[in-house]
Amino acid sequence: MLVLIITRDCNLRCDYCGVNKKKIQMTKRVAEKATFLYIDYIKNNILNEAKIRFFGGEPLLQWDLIKRIMERTEKESLKINFDLTTNGLLLDAEKIEFFGKHPEIELIISLDGGVSSQNLNRNFNRKINSFENIHRHKKELSMLPNITINMVIAPNQVHKFYQNFKHIYELGFRRLNFLPAYFVFWPKKNLAFLKKGFSEILSFIKNNKNISVKNMDVLSETPFFNQGIVIDCNGDIYHTNIFLSRHFEKLSDGLREGNILDSKLVVLPNRESNGTMKLIKNNIDPKLYYSTLRADSILSNFVLKLKNTYAKN
Ligand code: SF4
């Protein structure tokens with residue numbers, strides 16, 4: 001997978017966000033060079049399909065660049081899947097129509113639940129209502145061919161987890177990804193709420209088979225970050241996106257593999273994923289590390305139970 005860090009900037013300042021935001025954007029030159037070197041790599045190695053992820057910050061701040069990359073790759077004989085994770089603030093009729101016409105791109109919208117839970121953590125100095133725009137377009141959005149709601153569950157609203165899940169369901173969305181907030185402290189009682197919420201959701205899904213859970217399809221070797229060919233705004237090449245996090249930014253120099261503008265090829269050394277996990281463990285407050293692992297293992301347990309449920313039917 002190629003991950004393009006389209007921008008380091010964002011129009012929100014979510015309380016649990018780990019991204020170290022900067023007013024830096026990816027240039028057209030970097031984006032195109034990375035994309036076409038990656039496509040050549042896929043073709044030369046006779047691989048069946050390519051996957052490109054638009055990531056940030058908030059990628060929709062660079063909408064013209066995203067459209068350009070997609071349009072320029074349209075004529076490729078290769079099958080290319082894309083995804084884009086957004087907070088939804090900049091979605092409008094034109095963009096929604098574009099996503100409707102391009103099912104090859106998965107639109108992933110971060111929505112944590114009802115208006116109070118969403119705005120509790122996903123805001124900008126408590127001034128922006130990040131729920132409003134998604135709610136305004138809920139009908140058109142829910143009808144898109146390839147849309148997923150990324151539901152972040154934070155310790156301060158986990159007691160409403162099931163209620164928030166039901167709210168998203170009632171808005172019309174049927175594909176969800178669950179993401180317990182990482183690298184924040186999870187007290188024991190909140191972990192118990194997380195477990196309870198997943199158990200209620202499991203029962204709901206057993207009775208409502210029209211829901212799909214993206215976590216079932218994604219098996220990440222390092223659960224907290226993307227692995228792949230990651231290109232930062234300035235063209236720097238990495239094998240993981242952990243350098244985006246304020247917790248791990250100090251590791252950037254050691255993790256950098258070069259710069260795409262000096263490269264003729266995109267081939268990364270096959271770094272071991274447990275190497276990345278070790279880096280994470282050694283560079284963060286152990287309280288946050290183990291707290292995150294506990295929350296993540298509750299999620300994994302839910303996914304396992306869900307898989308068993310489907311296997312039985
Ligand atoms: S929208 Fe995403 S990148 Fe922006 S502040 Fe929130 S979590 Fe961070």
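What you see is a predicted model, and the numbers here were worked out from it, not measured in a lab.

*Asks:* Now, about the overall build of the protein: what can you tell me, with residues and values included?
*Replies:* Tallying secondary structure elements over the protein gives eleven helices and ten strands in all. Here the C-alpha atoms of the protein give a radius of gyration of 19 Å, agreeing with the 20 Å that 2.2 N^0.38 yields for 313 residues. Oriented by its inertia axes, the alpha-carbon framework of the protein measures out at about 50 × 45 × 45 Å. Scored against the burial criterion, the 313 residues of the protein give a buried share of 53%. Long-range pairs, those at least 24 residues apart, make up 76% of the contacts in the protein with a sequence separation of at least 6. Counting every atom, the protein has about 14,700 Å² of accessible surface; 51% of that belongs to carbon and sulfur. Between the mean site of the 47 positive side-chain charges and the mean site of the 32 negative ones, the protein shows a separation of 7 Å.

*Asks:* Tell me what's going on with helix α11 (residues 286-312), and back it up with residues and numbers.
*Replies:* Taking 1.5 Å per residue as the helical rise, α11 with its 27 residues ought to reach 39 Å, and the 39 Å between its terminal C-alpha atoms agrees with that figure. The set of residues buried in α11 consists of L288, Y289, S291, T292, A295, D296, I298, L299, F302, V303, L306 and T309. At the N-terminal end of α11, a side-chain oxygen is found 2.9 Å from the backbone nitrogen of K287, two or three residues along, and the residue is D285.

*Asks:* Lay out unusual backbone geometry with the relevant residues and their values.
*Replies:* G57 follows G56 through a cis peptide bond whose omega is 15 degrees. Although it is not a glycine, F183 sits at a positive phi angle of roughly 60 degrees. Inspection of the secondary structure puts F183 in the loop between β6 (175-180) and α8 (188-207).

*Asks:* I'd like a description of the sheet that holds strand β2 (residues 49-55), backed by residues and values.
*Replies:* Judged by pairing direction, the sheet is mixed, and its ten strands sit side by side in the order β7-β6-β5-β4-β3-β2-β1-β8-β9-β10 without closing on themselves. Of all strands in the sheet, those bounded by a partner on one side alone are β7 (212-213) and β10 (258-259). Here strand β3 (residues 79-86) runs beside strand β4 (residues 105-110); their pairing, made up of five bridges, is parallel. By the bridge assignment for β4, F82 is matched with I105. Strands in contact with α8 are β5 (147-153), β6 and β7; relative to β6, the strand with the most contacts, it is inclined by about 165 degrees.

*Asks:* Describe the packing of α8 against α11, listing the residues and the values that go with them.
*Replies:* Between α8 and α11, the least distance of the axes is 10 Å, while the angle of their chain directions is 15 degrees. With respect to their mutual orientation, α8 and α11 come out roughly parallel. Where α8 crosses over α11, the two elements pack in a sense that is right-handed. Here L191, L194, K195, F198, I201, L202, I205 and K206 of α8 come into contact with α11, specifically with R294, A295, I298, L299, F302, K305, L306, T309 and Y310. Its residues assigned to classes, the contact of α8 with α11 comprises twelve nonpolar, one polar and four charged.

*Asks:* Describe the site of the ligand, and please don't skip the residues or the numbers.
*Replies:* Lining the immediate environment of the ligand, one finds C10, L12, R13, C14, C17, K21, G57, N87 and R122. Classifying every residue of the shell around the ligand by side-chain character gives four nonpolar, two polar and three charged.

*Asks:* Residues and numbers for the pairing of β4, please.
*Replies:* With six of six residues buried, β4 is to be regarded as a mostly interior element. Side-chain alternation along β4 places I105, L107 and I109 on one buried face and E106, I108 and S110 on a second face that is also buried. For the segment spanning β3, helix α3 (residues 93-101) and β4, crossover handedness is right-handed. The pairing of β4 with β5 spans four bridges and is parallel. When the bridges of β5 are listed, I109 appears paired with I149.

Cut-offs used in this document
- Residues numbered from 1 in each chain as written.
- Predicted model: local features only at pLDDT ≥ 70, side-chain atom pairs only at ≥ 80, totals over all residues.
- Heavy atoms only, no water.
- Helix = DSSP H or I, 4+ residues; strand = E, 2+ residues; numbered from the N terminus.
- Rg over C-alpha atoms; globule rule 2.2 N^0.38 Å.
- Buried < 20%, exposed > 50% of the residue type's maximum accessible area, 1.4 Å probe, protein only.
- Contact = heavy atoms within 4.5 Å.
- Areas by Shrake-Rupley, 256 points an atom, 1.4 Å probe, with all protein chains shown as cover.
- Lys, Arg positive; Asp, Glu negative; His and termini not counted.
- Charge placed at Lys NZ, Arg CZ, Asp CG, Glu CD.
- Expected span 1.5 Å × (residues − 1).
- Polar contact = N/O pair within 3.5 Å; in protein donor to acceptor, adjacent residues only side chain to side chain.
- Pairing = 2+ DSSP bridges.
- Axes fitted to C-alpha atoms, helices over the stretch in contact; angles between N-to-C directions.
- Parallel < 35°, antiparallel > 145°, perpendicular 65-115°, else oblique.
- Left-handed = near helix turned anticlockwise from the far one by under 90°.
- Nonpolar A, V, L, I, M, F, W, Y, C, P; charged D, E, K, R; others polar.
- Near = heavy atom within 4 Å.
- Right-handed = clockwise from strand over helix to strand, strands pointing away.

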